[in-house]
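Understanding the architecture of this molecule
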Amino acid sequence: MTHFDIIVVGGGHAGVEAVAVAARMGLNVALVTFDPEKIGSMSCNPAIGGLGKGHLVREVDAFDGVIARAADDAAIHYRMLNRSKGSAVWGPRIQADRRLFQQSVQQQLVELPSLKIIRGEAAALVLKNGSVVGVTLSSGDALAADRVILCTGTFLGGVMHCGQQRTAGGRVGEAAAHRLADQLRDAALPLERLKTGTPPRIDGRTVNWSTLDVQQSDAEPWTMSSLTARRCNPQLFCAITRTNERAHEVVRRNLDRSPLFSGAIGADGPRYCPSIEDKIHRFGDRDGHQIFLEPEGLDTHLIYPNGISTSLPVDVQQEMVRSIGGLERAEIVTAGYAVEYDHLDPRALNTDLQVAAMPGLYCAGQINGTTGYEEAAAQGLVAGLHAACAVTGTEAPALHRANSYLAVMVQDLVLHGVTEPYRMLTARAEYRLQLRASNADSRLTNLGIKLGCVGDRRKRWYEQRVKARAAFEEQLDEMVNLRATHPTNSASADGRRTARRLIETGALDAAGLQAVFGPDADPSLAIEMYEDVRYAPYLERQERELRELRAASRQKLPHDFVFADVPGLSREMVERLTASRPATMAEAQQVRGVTPAALAAVLVHARKHAIA
């Protein structure tokens, strides 16, 4: 039996990051996938990043991950979302050429010498004394491993719906993993059903672009990965249109033909990306819903109409699309469809994404009830890191809600569970002022270097950046001739103050600070340092709160801690805390609906329990 340190099942975004980080740490890793040629496929929209999601991409990149570099290799449209608000909640997002993205992912994996890609279906887990020690393929071959990571996406028990048509699979033209789903269900693991969907793809040559509002790529030369020196592809425009009452009437008239409303699909879908049927049913007072027409690549005419995900029959989809402005003659190339699939209740996982009831088994991606490439990639990184650390006996990375969106997501999942596909949002992070997309490297890359998962190129880049930052810190406190950087500014009589003071008073912006640092200064570093100064008073206040939190949060809660024994704790609080099983006060503070008074009572009782 062939033995690997780690086996990863599934070649989507979670699986890619899991195998890549373990291989970068020098482990012998296998990736089992139905079709190696489909590794890194963009199953749904041809975009990476967005609000909250862009932060995850930058954090994965800080650990030398795959997704951000692949995004830059494939980017045909860059757009920074949420610019009207503070930079802490800006969302970097790119439109990608599907072929180039997949090509980049696969090339990055080829460069990992300790990775073996195996074509086949993981039909069953191999168990020994209750622990997972390998997988059996549908061919009958068995593979042994110290750790196994499931990254099955929508393929675990996947069923596709288009009108009344039902097809087994997790993506058009690909099979589903039903045998593995049956084994997990037989093992009494808490499996539930969720759904996601995709819109019809349109032939761009049949769109009347002249009537639509055009959205150009950002002119600023920012990129998704810190290692990308410059944009490498021609930039295409996107366009915007809207549904209208005529399109809504087409949908309403055919709701009984939608599997969402006929009862064929009972699973919940994503609240923040609902189907067009859901939108029209739930928001009947709206006269229109925005649609972004997004190009799928440089050498294809396919357009992704973001905003009209649907599982209606093909004839209804065609009628609906042609009711929309600019799409009156649009031809559908591939119909939209919904996918219903099995997922594991993430409360069955520990914070390392290991299944508590099946040691040696980790889960990452949509199998944990999430949605999106970015959430999947981030979980793949976390699961791969923890599995690799477990194999090598290395201390796991110190990720927590105050230093990463990665930890925010994992804690949300394992403590709260999901009632719908989980999507990362900046609002989920209490410390988002210090968790900016622009400073992910400063927050996390040194952790990656210590763990040994960062390559030489990024390590050299990071060390040079640390030196540059130290030099620029000194310049912040040097006197600046404000008129030299902003000739029209009349903020003071002599125009001379320190750069730090000028930023604090709003007299110097990020571009001005870069001018102070010099023309060769890295623009991204200038922006990061500018934001550090602007946010300093708020960050200091958050740091005080964190110190107070840490003082209490380090208090451990024993595994046999009985919340029902805590004096004054209501039945509701007992139920919430017992269901979440927090291991520390820090985790107890994150349990949804638990009041400060309840936390205070738990802390007092926990300290008495510890003394006793």
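Our subject is the structure listed above.
Residues numbered from 1 in each chain as written. Predicted model: local features only at pLDDT ≥ 70, side-chain atom pairs only at ≥ 80, totals over all residues. Heavy atoms only, no water.

With respect to the pattern of salt bridges
Within the structure shown, the criterion is met by 38 salt bridges. The salt bridge partner of arginine 119 is aspartate 35, with a shortest N-O separation of 3.5 Å. Here arginine 119 is found in strand β6 (residues 115–119), whereas its partner aspartate 35 is found in the loop between β2 (29–33) and β3 (47–49), with 84 residues between them in sequence. Taking the relative accessible area as the measure of exposure, arginine 119 reaches 52% and is therefore exposed. In this structure, the salt-bridge partner of arginine 465 is glutamate 528, at a minimum N-O distance of 2.9 Å. You can see arginine 465 sitting in helix α13 (residues 456–476) and its partner glutamate 528 sitting in helix α17 (residues 523–553), a full 63 residues away along the chain. (Salt bridge = Lys/Arg side-chain N within 4 Å of Asp/Glu carboxyl O. Helix = DSSP H or I, 4+ residues; strand = E, 2+ residues; numbered from the N terminus. Buried < 20%, exposed > 50% of the residue type's maximum accessible area, 1.4 Å probe, protein only.)

Let's talk about the pairing of strand β9 (residues 142–150)
Strand direction decides the pairing type here: strand β1 (residues 2–9) and β9, joined by 7 bridges, are parallel. If you follow isoleucine 7 over to β9, its bridge partner there is valine 148. Here 3 bridges tie strand β8 (residues 131–137) to β9, and the two strands are oriented antiparallel to one another. Across the sheet, glycine 134 pairs through a bridge with alanine 144, a residue of β9. Here β8 hands over to β9 after 4 residues, with glycine 140 in that stretch at a positive phi of 100°. Across 3 bridges, β9 lies against strand β20 (residues 361–363) in parallel orientation. Counted as the bridge partner of isoleucine 149 is tyrosine 362 from β20. (Pairing = 2+ DSSP bridges.)

Quick word on empty space enclosed by the protein
Following the criterion strictly, the structure yields 1 cavity of 30 Å³ or more and no others. Volume-wise, the largest cavity comes out at about 40 Å³. The wall of the largest cavity is formed by His13, Val16, Glu17, Val66, Ile67, Phe101 and Val105. Of all the elements in the fold, those that place two or more residues in the lining of the largest cavity are α1 (13–24) and α4 (98–110). Ranked by residues supplied to the lining of the largest cavity, first place goes to α1 with 3 residues. Split by residue class, the lining of the largest cavity holds 5 nonpolar, 1 polar and 1 charged. (1 Å grid on protein atoms, 1.4 Å probe; cavity = no way out; pocket = protein on both sides within 12 Å on 5 of 7 lines; lining within 4 Å. Points joined across faces, edges and corners; volume = space filled by probe spheres on them. Nonpolar A, V, L, I, M, F, W, Y, C, P; charged D, E, K, R; others polar.)

With respect to the side chain of asparagine 306
Assignment of secondary structure puts asparagine 306 in strand β17 (residues 302–306). Engagement of the side chain of asparagine 306 in a polar contact is seen with the side chain of glutamate 294, the distance being 3.3 Å. Contact partners of asparagine 306, with chain neighbours within four places excluded, come to Asn45, Arg93, Gln290, Ile291, Phe292 and Glu294. (Polar contact = N/O pair within 3.5 Å; in protein donor to acceptor, adjacent residues only side chain to side chain. Contact = heavy atoms within 4.5 Å.)

A few points about the layout of surface pockets
Approximately 1,000 Å³ is the volume found for the second largest pocket. Taken together, 39 residues form the lining of the second largest pocket, with Arg58, Trp222, Pro523, Ser524 and Ile527 sitting closest to its centre. Top element by residues in the lining of the second largest pocket is α17. It accounts for 8 residues. When grouped by side-chain class, the residues that make up the lining of the second largest pocket number 18 nonpolar, 10 polar and 11 charged.

Examining helix α3 (residues 67–74)
Across the 8 residues that make up α3, a large majority, 6, are buried. Taken residue by residue, α3 has Ile67, Ala68, Ala70, Ala71, Asp72 and Ala74 as its buried positions.

Some remarks on the nonpolar core
In summary, soluble globular proteins display a tendency toward joint burial of nonpolar side chains. Ile7, Ile48, Leu125 and Leu150 are the most contacted members of the largest nonpolar core, which has 106 residues in total. Not counting chain neighbours up to four residues away, the residues in contact with isoleucine 7 comprise Ala30, Val32, Val135, Leu143, Ala144, Ala145, Arg147, Val148 and Ile149. Formed by 22 residues, the second largest nonpolar core is a distinct cluster that contains Ile202, Leu212, Ile276 and Leu327. (Core = buried A, V, L, I, M, F, W, Y, C linked by side-chain atoms within 4.5 Å.)

Focus on the sheet that holds strand β5 (residues 91–96)
Pairing within the open sheet is antiparallel, and its 3 strands lie in the order β3-β5-β4. Taken across any chain shown, the strands that pair with only one partner, and hence form the sheet edges, are β3 and β4 (75–81). Sheet twist, expressed as the average angle between the axes of neighbouring strands with direction ignored, equals 20°. Bridge analysis of β4 against β5 gives 6 bridges, and the strand direction is antiparallel. (Axes fitted to C-alpha atoms, helices over the stretch in contact; angles between N-to-C directions.)

A short note on the sheet that holds strand β13 (residues 201–203)
Across a sheet, strands are paired by hydrogen bonds formed along the backbone, either parallel or antiparallel in direction. With respect to topology, 6 strands assemble into an open sheet ordered β14-β15-β16-β17-β13-β18, the strand pairing being antiparallel. Only two strands of the sheet have a single neighbouring strand rather than two, namely β14 (213–215) and β18 (332–334). Ignoring which end each strand starts from, the neighbouring axes of this sheet average 35° apart. As paired strands, strand β16 (residues 290–295) and β17 are joined by 4 bridges and run antiparallel to one another. Bridge pairing in β17 links glutamate 294 to tyrosine 304.

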